Amino acid sequence: MGRWFLRYGWRHLVGAAAVVVALFPLVFVAAASVNPSGTLTGSNDLFADPTAEHYRTLFTDPLHPFGSWFANSMAVGVTTAAGSVFLGACAAYAFSRFRFRGRRAGLLGLVFVQLFPQLLAYVAIFLLLSELKEVFPAIGLGSRLGLVMVYLGGALGVNTYLMKGFFDTVPKELDESAQIDGASHAQVFFRVLLPLVAPILVVVALFSFVATLNDFVIAGLVLTDPDQQTLAVGLYQLVSYKLGQNWGVFAAGALIGALPVLVLFQFLQRFIVSGLTSGAVKS
């Protein structure tokens, strides 16, 4: 038994401890969402007197339109994920398959831009969208489309570099064979390459969706209308007032907001490892 514990048993203990550490915050939030007191201090006695009142309040409170926040988050997240995949794939295809002047400098520029923290761009983003609102309100300050444009621009560099490494693993002979059969560059891109690089497309879409859903600072900066705010910004209103904090409703909204991400990870987890590791053999 001692030899087995030294070789294998300690791994089970470490794994059990990691599971406890990972699950405890989720259990605590779930307990707070059904705690009738609406506070976090009363949640120490887990699930002592559960109630569903906080979940009903989420969808019946006219001052806090949770349904609109959830729909806005889904719309912005799905649009950003689709746009990030398309733009990143197009840029990665160009850098991977074509040889042109400035190609290496462009790749280095993408990496160099990512070195600067996003905090430096917040003021510039606000001023830029404020000016755009006067000329083209559809993508200006206070519009969801403007928020999507900010997300697409911010994620383009890292997505391009990540996808480019995956595109490099696909043999160029496939492109040449398709072109001999009369396929154009667009047909090679959409019908030959994209099906072969599906794992990295799924990874980029998933990461873009999760990052968009969790973002608070940029969404709070751009979206000024309460009816257009995303879930992260809207839920903050439930606990931002010192005398009006309702952590029970906040915990209920946080759990419901995490369900889409949980479902996506459950169905797409088989693509994550292959999508992140396959492109690491070339750059």
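About the cut-offs
Residues numbered from 1 in each chain as written. Predicted model: local features only at pLDDT ≥ 70, side-chain atom pairs only at ≥ 80, totals over all residues. Heavy atoms only, no water. Phe/Tyr/Trp six-rings, centres within 6.5 Å; stacked < 30°, edge-to-face > 60°. Buried < 20%, exposed > 50% of the residue type's maximum accessible area, 1.4 Å probe, protein only. Helix = DSSP H or I, 4+ residues; strand = E, 2+ residues; numbered from the N terminus. Contact = heavy atoms within 4.5 Å. Salt bridge = Lys/Arg side-chain N within 4 Å of Asp/Glu carboxyl O. UniProt positions renumbered as here; feature names shortened; annotations may be inferred.

### Comments concerning the packing of aromatic side chains
(1) Moving on: Taken as a whole and assessed by the stated rule, the structure comprises nine aromatic pairs.
(2) Moving on: Relative to Phe-190, the ring of Phe-189 has its centre 4.9 Å away and its plane inclined at 80°; by these criteria the two rings are edge-to-face.
(3) Moving on: We classify Phe-189 as buried; its relative accessible area is 5%.
(4) Moving on: Relative accessible area serves as the criterion here: at 46%, Phe-190 is assigned to the partly exposed category.
(5) Moving on: Clustering of aromatic rings is evident, with ring pairs tying together Tyr-93, Phe-98, Phe-189 and Phe-190.

### Here we look at the side chain of Ser-96
(1) Moving on: Relative to the elements of secondary structure, Ser-96 occurs in helix α3 (residues 66-97).
(2) Moving on: The exposure class assigned to Ser-96 is buried, which follows from its relative accessible area of 1%.
(3) Moving on: Leave out the neighbours within four places in its chain, and Ser-96 touches Lys-164, Phe-167, Asp-168 and Lys-172.

### Describing the pattern of salt bridges
(1) Moving on: By the definition in use, this model includes three salt bridges.
(2) Moving on: When the shortest N-O distance is used, the salt bridge between Glu-53 and Arg-56 registers 2.8 Å. With Glu-53 and Arg-56 both in helix α2 (residues 53-60) and three residues apart, the pair spans about one turn of that helix.
(3) Moving on: Among the residues examined, Arg-56 registers a relative accessible area of 47% and is labelled partly exposed.
(4) Moving on: Between Asp-168 and Lys-164 there is a salt bridge, with its nearest N and O atoms 2.9 Å apart.
(5) Moving on: Here Lys-164 falls in the buried class, since its relative accessible area comes to 5%.

### Here's the deal with the UniProt feature "transmembrane region" (unreviewed entry) in the protein
(1) Moving on: Sites flagged by UniProt as "transmembrane region" (unreviewed entry) map to residues 69-95, 107-128, 148-167, 188-211 and 247-268.
(2) Moving on: Measuring from the first to the last C-alpha atom of residues 107-128 gives 26 Å, for a span that is 64% helix and 0% strand.
(3) Moving on: Helix and strand shares over residues 148-167 are 100% and 0% respectively, and the end C-alpha atoms of the span are 26 Å apart.

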